[in-house]
Amino acid sequence: MRVLVSGAGVAGPVLAYWLTRHGFAVTVVERAPAVRRTGGHAVDLFRPALRISAQMGVRAQIEERATGTRRLTVYPEGAARPVRADLSKIFGAASDGHLEVMRDDLSAIYHDAACDDVEYLFDDTVTAVGSDGAVRFERAAPRRFDLVIGADGLHSRVRRLVFGEESRFTAFIGAHLAVLTLPNRDGLDGELRMHVGVGRTAGLYGARHLGDARVLFLFRSATPFAGGRHDVTRQKEAVRRAFGALHPEVDRWLEELDRTPAFYFDAITQLRMDRWSRGRVTLVGDAGYCPGPAVGGSTSLAVVGAYVLAGELARAGGDHERAYPAYERVMAEHVRASRAGGLSAARTLLPASRLGVRGLAEGARLISALPARPGRALLRLAARNSRRHDALPLPDYPSGVVRN
């Protein structure tokens, strides 16, 4: 069976890997001209996604490219001294397994795992999808596929073509994020440095193998950004307005906005769809159920979703009318928990009061100071669904071959 996967970020290559192992013939189309290998921003993998990565034979490579961030230094706005915490213990309280890795590194590792068995169409995109599997591309000649899967992120083109405009399914959760690249002049080694104020948080981190650093800006907003997705000038102005006068160090980070070689900006938006499938088409990862960039564990969720989708298609012998509903049933509760966790994480990372600012810093310090079991108990008290990332038991799928 011929399957088209749109998107070569994280979910797309993982899905392509497992589909080829189950005997499907896979084509991946990707708008970018090549696999990105410039690092990107940091993302998290939790126990289920790490287990899948181990089965793919790439966990050791992911560990080699992990950021190595283990220490947290929090500067609450107006406080005389920073608060220091063991970041690895905080993640340990939330999950029995966790690795932080740069997104582009992760995408490249997953791509390389199955690139010899997958057809990739770079520098192209889908422009039309027919109910019979007929697909038109921006550059390549039209082709027909048995199945079409959108793995093309929160702003999925496949979803828009098949299900309708994005605004029908998105819910703005009251915050924005921005990421910029800047020189690692402070020589950060294993440290995340955060400045936290009412409704705004900025953090600087590096990675062991990178020569530069990243700044993550998160800030509350009553309404979504009014400019377009590609209006970079206004996006940078919004970041400057949100973080002015927070701290002199943050002011220095803001000075890099006009010099940065890489800048990312988006609203923190959840995707809320009742179903992710229609006819021969389904969605995976952020394209179908983004719980919120930077707050909901979306990367780990995407890896699990890709694995489950491929497995259910194999179990059903390629019959999408059986496989797609089964895939949605397996993932449904995990998606709901991730949405709830995303809302909780946004509230925690963006305190609504000065008391909340201090509570964030002291809570991190206390969790990292406690032994593992009391730390987990405290985290459960502080955040509902605190261990949601480990909650999904992964099904075992047959390795039978689907006829092409």
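Just above sits the structure.
Residues numbered from 1 in each chain as written. Predicted model: local features only at pLDDT ≥ 70, side-chain atom pairs only at ≥ 80, totals over all residues. Heavy atoms only, no water.

**Student:** I'm lost on the layout of surface pockets in this one. Help?
**Tutor:** Summary: where empty space remains is shown by rolling a probe the size of a single water molecule over the atoms. There is about 280 Å³ of room inside the second largest pocket. What lines the second largest pocket is a set of 16 residues, and nearest its centre among them are Thr69, Arg70, Ser88, His98 and Leu99. Every element with two or more residues in the lining of the second largest pocket is listed here: helix H4 (87–94) and strand S6 (98–102). Considering only residue class, the lining of the second largest pocket consists of three nonpolar, eight polar and five charged. (1 Å grid on protein atoms, 1.4 Å probe; cavity = no way out; pocket = protein on both sides within 12 Å on 5 of 7 lines; lining within 4 Å. Points joined across faces, edges and corners; volume = space filled by probe spheres on them. Helix = DSSP H or I, 4+ residues; strand = E, 2+ residues; numbered from the N terminus. Nonpolar A, V, L, I, M, F, W, Y, C, P; charged D, E, K, R; others polar.)

**Student:** Just checking my understanding: could you explain the sheet that holds strand S1 (residues 2–6) for this structure?
**Tutor:** Sheet strands associate in pairs through backbone hydrogen bonding, adopting either a parallel or an antiparallel arrangement. Here we have six strands laid out as an open sheet, ordered S7-S2-S1-S11-S18-S17, and mixed in their pairing. The open sheet has two edge strands, strand S7 (119–122) and strand S17 (277–278), and neither has a second partner. Where S17 meets strand S18 (residues 281–283), two bridges bridge the pair, whose relative direction is antiparallel. Looking at the pairing, Arg278 lines up with Val281 of S18. (Pairing = 2+ DSSP bridges.)

**Student:** Hey, could you run me through the side chain of Thr67 in this one?
**Tutor:** Assignment of secondary structure puts Thr67 in the loop between helix H3 (59–64) and strand S4 (71–76). Among the polar contacts made by the side chain of Thr67, one reaches the side chain of Thr69 at a distance of 3.3 Å. Only 2.4 Å separates the side chain of Thr67 from the side chain of Glu100, close enough to count as a polar contact. Apart from the residues lying within four places of it in its own chain, the contact partners of Thr67 are Glu100, Val101, Met102, Gly206, Ala207 and Arg208. (Polar contact = N/O pair within 3.5 Å; in protein donor to acceptor, adjacent residues only side chain to side chain. Contact = heavy atoms within 4.5 Å.)

**Student:** Any chance you could explain the nonpolar core here in plain terms?
**Tutor:** It is characteristic of soluble globular proteins that their nonpolar side chains tend to be buried jointly. One finds Leu19, Tyr110, Val284 and Met331 to be the most contacted residues of the largest nonpolar core, which totals 77 residues. Ala202, Leu204, Val215 and Trp253 belong to the second largest nonpolar core, which has 21 residues in total. (Core = buried A, V, L, I, M, F, W, Y, C linked by side-chain atoms within 4.5 Å. Buried < 20%, exposed > 50% of the residue type's maximum accessible area, 1.4 Å probe, protein only.)

**Student:** I tried to follow helix H8 (residues 248–255) on my own but got confused; where do I start?
**Tutor:** Residue pairs three or four apart in sequence face the same way in an α-helix, which turns once every 3.6 residues. Among all positions of H8, only Glu249, Val250, Trp253 and Leu254 are buried. Axial view of H8: buried residues confined to an arc of 145°, hence all on one face. In H8, the exposed positions angled more than 90 degrees off the buried face are occupied by Pro248 and Glu255. Against the buried residues of H8 lie strand S12 (170–183), strand S13 (191–197), strand S14 (200–205), strand S15 (212–220) and helix H7 (232–243). (Arc of directions from axis to C-beta.)

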